[in-house]
Structures are given as structure tokens and as C-alpha cells.
Amino acid sequence: MGSASGWLAVLSISVLIAGFSSGCGPAPPCETSLVTLDETRLDVETYEQEAAETGERAADLKSRLAEKRKEIDAIKDKPADLEKRVYELKKGSGRE
């Protein structure tokens with residue numbers, strides 16, 4: 001029984017050594033063509049440019065939205081005044 005456990009220990013150590021020696025070697029070279037790399041670079045440049053343009057458009061739209069909200073806030077109480085003026089104009093023109 002002693003020899004079986006000895007062989008087991010030797011086998012375990014051998015497996016560990018084999019695992020460490022072959023585990024983390026250098027990565028194999030990339031086999032991607034230069035054409036594919038160039039196309040990917042162009043795609044990245046295009047997407048970055050589109051993202052920048054989209055960011056600028058979003059900022060412009062936010063600014064325009066803020067301006068419209070200010071305009072709405074400035075005239076939100078005006079409908080009653082305008083209705084009163086329209087009534088006065090109709091009354092003066094005889095269309096009442």
C-alpha cells in the first residue's frame with residue numbers, strides 16, 4: 001500500500017510540473033490580414049466621428065429645448081390676456 005501512495009504522489013507532482021511548464025506561454029501570433037485591420041481602423045474612425053457629431057447635435061438640441069421652455073414659461077399666463085384682447089377687438093368691430 002505504501003508504494004501505491006508513493007506513485008500517486010509522484011504522479012501528482014508530475015502533473016503539476018507539466019501544468020506549470022505549459023500553461024502560460026507566449027500568445028500565438030495574430031493571423032488577421034492587414035486589409036481587415038485597415039477596415040477595422042476606418043470603422044473605428046467613422047464611429048468616433050459619428051459619436052462626436054451626435055454629441056454636438058444632442059448639446060444643440062438641449063440648448064434649443066431650454067430656450068423653448070423659457071419662451072413657454074414667459075407666455076404661459078398670456079392666453080387669458082389674449083382671449084380678453086380678442087373679445088375686445090371683436091366687440092369693437094361688431095362681430096360679437
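Residues numbered from 1 in each chain as written. Predicted model: local features only at pLDDT ≥ 70, side-chain atom pairs only at ≥ 80, totals over all residues. Heavy atoms only, no water.

*Asks:* What should I look at first to understand the overall build of the protein chain in this one?
*Replies:* Helix and strand content of the protein chain: three helices and zero strands. Counting helices and strands in the order they occur from the N terminus, the protein chain gives α-α-α. Out of the 96 residues in the protein chain, the part that is buried amounts to 0%. If you sum the accessible surface of the protein chain, you get close to 9,200 Å²; carbon and sulfur atoms cover 61% of it. (Helix = DSSP H or I, 4+ residues; strand = E, 2+ residues; numbered from the N terminus. Buried < 20%, exposed > 50% of the residue type's maximum accessible area, 1.4 Å probe, protein only. Areas by Shrake-Rupley, 256 points an atom, 1.4 Å probe, with all protein chains shown as cover.)

*Asks:* How do you make sense of the confidence of the model for the protein chain when you look at a structure like this?
*Replies:* If pLDDT is low for a region, its predicted coordinates should not be looked at in detail. Considering every residue of the protein chain, the mean pLDDT works out to 83; 82% of them sit at 70 or more. Put simply, helix 1 (residues 2-22) is where the protein chain has its lowest mean pLDDT, 70, and helix 2 (residues 34-75) is where it has its highest, 94. (pLDDT = per-residue confidence, 0-100.)

*Asks:* Help me understand the pattern of salt bridges, please; the structure alone is not making it clear to me.
*Replies:* Side chains that differ in charge, positive against negative, can pair when their charged atoms come close. Evaluation of the coordinates by the stated rule reveals three salt bridges. A salt bridge links Arg64 to Asp60; the nearest nitrogen and oxygen atoms lie 3.9 Å apart. Taken together, the residues span about one helical turn, with Arg64 and Asp60 both in helix 2 at a distance of four residues. In this structure, Lys68 and Glu71 form a salt bridge, with 3.6 Å as the shortest nitrogen-oxygen distance. Remark: Glu71 and Lys68 occur in helix 2; sequence separation between them is three residues, near one turn of the helix. Looking at Glu71, the relative accessible area reads 42%, which means it is partly exposed. (Salt bridge = Lys/Arg side-chain N within 4 Å of Asp/Glu carboxyl O.)

*Asks:* Any chance you could explain a nonpolar patch on the surface here in plain terms?
*Replies:* A contiguous nonpolar patch, built from Leu8, Leu11 and Val15 and spanning about 310 Å² of accessible area, is present on the exposed surface. Structurally, Leu11 is set in helix 1. (Patch = residues over 30% accessible without salt bridge, like charges linked within 9 Å, V, L, I, M, F, W, Y side chains within 5 Å.)

*Asks:* I keep staring at the environment of Thr46 and nothing clicks. Help me out?
*Replies:* Note on placement: Thr46 falls in helix 2. Thr46 sits in the partly exposed class, given a relative accessible area of 36%. Polar side-chain contacts of Thr46 include one of 2.9 Å to the backbone oxygen of Leu42. (Polar contact = N/O pair within 3.5 Å; in protein donor to acceptor, adjacent residues only side chain to side chain.)

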